[in-house]
Amino acid sequence: MAAPEETSKTAAAEERCPIEEVALVVPETDDPNIPVMTFRVWVLGLLSCVILIFLNTFFVYRTQPLSISAILMQITVLPIGKLMAAKLPSTEYTLFGRWKFSLNPGPFNIKEHVVITVMANCGVSVGGGDSYSIGAITVMKAYYKQSLGFLCALLIVLTTQLVGYGWAGMMRRFLVDPAEMWWPSNLAQVSLFRALHEKEPKNQGMTRMRFFLIFMAGSFLYYVFPGYLFPILTFFSWVCWVWPRSITAQQIGSGYHGLGVGAFTLDWAGISAYHGSPLVTPFSSILNIMVGFIMFIYIIVPLCYWKFNSFDSRKFPIFSSLLFNSDGQKYSITQILTPHNELDVHAYETSSKLYLSPLFALSIASGFARFSAIITHVALFHGRDIWRQSRSAVENVKLDIHAKLMRSYKQVPEWWFLILLIGSVVISLVMSFVWREEVQLPWWGMLFAFGFALLITLPIGIIQATTNQQPGYDIIAQFIIGYILPGKPIAVLLFKIYGRISSTHALTFLADLKLGHYMKIPPRCMYTAQLVGTLVSGVVNLAVSWWMLASINNLCDVDSKDPSSPWTCPKFRVTFDATVIWGLIGPKRLFGPGAMYHNLVWLFLIGAILPVPVWILSKIFPNNKWIPLINIPVITYGFAGMPPATPTNIASWIVTGTIFNYFIFKYRKTWWQKYNYVLSGALDAGTAFMAVLLFFALQNNNVNVKWWGSEPDHCPLASCPTAKGIIVHGCPVFT
């Protein structure tokens, strides 16, 4: 018979989270008596949310957009919170004879800090601040010149986010409670909170707090070089310097406009720009992305461009997000647009057809494979667990230590989320009748969008919660509605908001709920903080955008009259171009039978089939634990988002992630456990602080440095076509 002490150790080991990274980083204790929703939380949380949403909305319209993460406020509020704890009176007050509260319930604690950060996160671009719905409203008003009313715009912004909150509530049992759904990006946050609040003995090496401060200061000082004095550090394209007159060499070596072979970045902002911090992504995900990236950038694209000239690709730059005509010139959208913002079919059929750069076309096609691969992969590898949990067997699933500790708090009833979900759906349907001409999307299109979001949120969430990658399916959402409602760009825009972006908001809310799970925040406090932060950020977001649209002349430079304008809105230009591809011209004319890009549709079938042999091998060889780590949706994500992401962004991300999450994790695990996530937070914070300082002190006042190192890339020929007879300004003509 086992001794009681051995039995206790065995039980404790069984309760530990099965994910090693979580077991190494997340604390396994809790004090349920710590005050959470304090006066300090409300003041600092709302203030952080408003400041971040204002800054992010303001910056997103800039020619050089700047996204400011919640880590900026996460660091800033700490000394303010401690100052409030030291100076505010501790007198207890009674409100309405029922509720008691104090301005100062004691020392500023880690749980207060977490809730403030969650509220601040509502003011960040991904979390619902600079939301895609603002991009849609900007496109409707600035590009399509619609007379959209403020009330309609406000309903679009708020219902999009609240629908996402409703989806999050429904998915909690699948994506928050199970230990296997570990949301890797949260571990950096947990490490940073612990570094900021926990006291460590100095005889065990450098403390995490000191480590954080040193590297944050270093990151802060260093970013003045790539961010202002020496921007060429963002992309070191040395191949172009060796062959300054070769188009092919510059197409291969350019970090901005080519394949980026040999190019590298010494800029943390460039490394983490599109896939987030590589330090928080598990190596299995990095390896999958590496396979997809190498296959796409170094094999498929070169073959299509130089060997086969697929889709007349040599008429265009190898890498560009612009739309082209058959002569290699920029496509004129206005000539095929009716006064009602619909397609002039006769004008389109009598003018040049629309063309895409080869890398852009293939990147879109990867979205076809990714969508079908997601469905197949999740059905095969997670279908049984989803079915079991959907039948409420989740109550009997073995809980890890974190889930058991959270059982001591009151849970949020599902109907709290359902009220938000149903209310937002009803308001959206009413909007489709009242503002029919403005939104173009009929009521059944709204319902279809909601059903699409419901279908896809869970499988995408499973992939993000286990790999730290969120494979986008924007292309599929636009492809489907573009086929159903051709020639209606605004309808496609609205369908994407409700069918895709509401799901993105849901996944952000779920990530925050998992952070609250790790930090032992009472679920009802998390619900309140997220809901209030969402409502405040939505209103401020639209108000700032509305003010800018009304106050700044030629905002977004829609007619391309002033390329040097600081307000060219590159992010929203991409959104507008997407409405042209999928809404105005439509997928049938681009990908239908007989169309230029018709063969790319076969990737739907290929993506659906590819996960099957991986699953079969995992069943035949169950002891080979590496086989289930082959993740086809994540492999296809290796060439997603290009453009605007560049191959150099992704390659640098892969190299950095491999160094830290393979070599250092394997050979210096003690260092990795203590400092890896803290380093990620320090690099983010230092870069963000300096970026804000540079903008307000110098760039916003047009104080710029002009010299060789301030010119990016130095690959002027990388954007040139190589087909015979194509004439483009600044490029040699092949004969």
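Preceding this paragraph is the structure being described.
Residue positions within a chain follow its written sequence, with the count starting from 1. Note on the predicted model: pLDDT of at least 70 is required for a residue's local features to be given, and 80 or more for side-chain atom pairs to be given and counted; whole-chain, interface and lining totals, by contrast, use all residues. Note that the side-chain values use all heavy atoms of the structure and ignore hydrogens as well as water.

When two cysteine sulfur atoms are found within 2.5 Å, that pair is recorded as a disulfide. Scanning all chains against the criterion turns up two disulfides. Note that C240 is cross-linked by a disulfide to C715, the S-S spacing being 1.9 Å. Disulfide C240-C715: torsion about the S-S bond near 105°, hence right-handed. Of this pair, C240 sits in helix 11 (residues 238–242) while C715 sits in the segment after helix 30 (669–697), and the two are 475 residues apart along the sequence. Summarising the burial analysis for this pair, C240 and C715 share the class buried. Every helix listed is a DSSP run of H or I at least four residues long, and every strand listed is a run of E at least two residues long, numbered separately from the N terminus. Accessibility here uses a 1.4 Å probe with only protein chains present; expressed as a share of the type maximum, an area under 20% marks a residue as buried, one over 50% as exposed, and anything in between as partly exposed.

Moving on, we get to the pattern of salt bridges. Side chains that carry opposite charge are capable of pairing whenever their charged atoms lie near each other. Any Lys or Arg side-chain nitrogen located within 4 Å of an Asp or Glu carboxyl oxygen qualifies as a salt bridge. Per the stated rule, a full pass over the model turns up four salt bridges. The salt bridge partner of R40 is E112, with a shortest N-O separation of 2.9 Å. Taken as a pair, R40 in helix 3 (residues 39–60) and E112 in helix 5 (residues 110–121) lie far apart in primary sequence, 72 residues in all. Using a relative accessible area of 0% as the deciding quantity, one classes R40 as buried. Judged by its relative accessible area of 0%, E112 is buried. Of the charged contacts in the structure, one is a salt bridge between R172 and E414, with a shortest N-O distance of 3.6 Å.

Looking now at the side chain of S618. Here S618 lies in helix 27 (residues 611–620). We classify S618 as buried; its relative accessible area is 12%. Each polar contact in these results corresponds to two N or O atoms within 3.5 Å; when the atoms are within protein, one needs to be able to donate a hydrogen and the other to accept it, and residues that are neighboring in sequence are counted only if both atoms are side-chain atoms. At 2.6 Å, the side chain of S618 and the backbone oxygen of W615 are in polar contact. Setting aside its immediate chain neighbours within four residues, S618 contacts F381, I627 and P628. Contact between two residues is taken to exist if any of their heavy atoms lie within 4.5 Å; hydrogens are not considered.

Attention now moves to the nonpolar core. As used here, the term nonpolar core means buried Ala, Val, Leu, Ile, Met, Phe, Trp, Tyr and Cys residues forming a set that is joined through side-chain atoms within 4.5 Å. Ranked by internal contacts, the top residues of the largest apolar core, which has 206 residues, are Y61, F368, L494, W582 and M642. Counting residues per element, this core draws most heavily on helix 22 (residues 489–519), which supplies 18 residues. Not counting residues up to four positions away in its chain, the partners in contact with L494 are M140, I156, V439 and L441. Residues Y223, V224, A691 and L694 belong to the second largest nonpolar core, which totals six residues.

Moving on to the packing of aromatic side chains. Pairing of aromatic rings covers Phe, Tyr and Trp, the last counted by its six-membered ring, and requires centre-to-centre distances within 6.5 Å; plane angles under 30 degrees mean stacked, over 60 mean edge-to-face, and any other angle means tilted. This structure, assessed with the given rule, holds 40 aromatic pairs. An angle of 35° between the planes, with centres 5.4 Å apart, marks the rings of F316 and Y355 as tilted. Separated by 39 residues along the polypeptide, F316 in the loop between helix 14 (283–307) and strand 3 (323–324) and Y355 in strand 4 (residues 355–356) bring together distant segments of the chain. A relative accessible area of 11% means that Y355 is categorised as buried. Among the aromatic side chains, those forming a connected cluster through ring pairs are F311, F368, F479, Y483, W582, F591, Y597 and F604. Over the ring of W546 we find K141, and its NZ or CZ is 4.4 Å from the ring centre. By definition here, charges over rings are those cases where NZ of Lys or CZ of Arg is within 6 Å of the ring centre and within 35 degrees of the ring normal. Positioned over the ring face of Y348 is K353, at 5.6 Å from the centre of the ring.

The next subject is helix 30. Counted at 1.5 Å a residue, the expected span for helix 30 with its 29 residues is 42 Å, and the 41 Å between its end C-alpha atoms agrees. Across the chain, bend at a residue is computed as the angle between axes fitted to the seven residues ending at that point and the seven starting from it. Y675 marks where helix 30 bends most, by close to 45°. Any helix carries an expected span of 1.5 Å times its number of residues minus one.

Further remarks concern the packing of helix 14 against helix 29 (residues 647–667). Contact geometry of helix 14 with helix 29 gives a least axis separation of 10 Å together with a crossing angle of 150°. Handedness of the crossing formed by helix 14 with helix 29: left-handed. Of the residues in helix 29, those touching helix 14 at F283, I286, I289, M290, F293 and I297 are P647, I650, A651, W653, I654, G657, T658, N661 and Y662. For the contact of helix 14 with helix 29, the class distribution of residues is 12 nonpolar, three polar and no charged. For helices, the fitted line uses only the C-alpha atoms of the stretch in contact; every axis is such a line through C-alpha atoms, and the angle between N-to-C directions lies from 0 to 180 degrees. Helix crossings are classified by the rotation of the near helix relative to the far one: an anticlockwise turn of less than a right angle makes the crossing left-handed, while a clockwise turn makes it right-handed. Each residue gets one of three labels, nonpolar for Ala, Val, Leu, Ile, Met, Phe, Trp, Tyr, Cys and Pro, charged for Asp, Glu, Lys and Arg, and polar for the others, Gly among them.

Coordinates in, geometry out; function isn't part of it.
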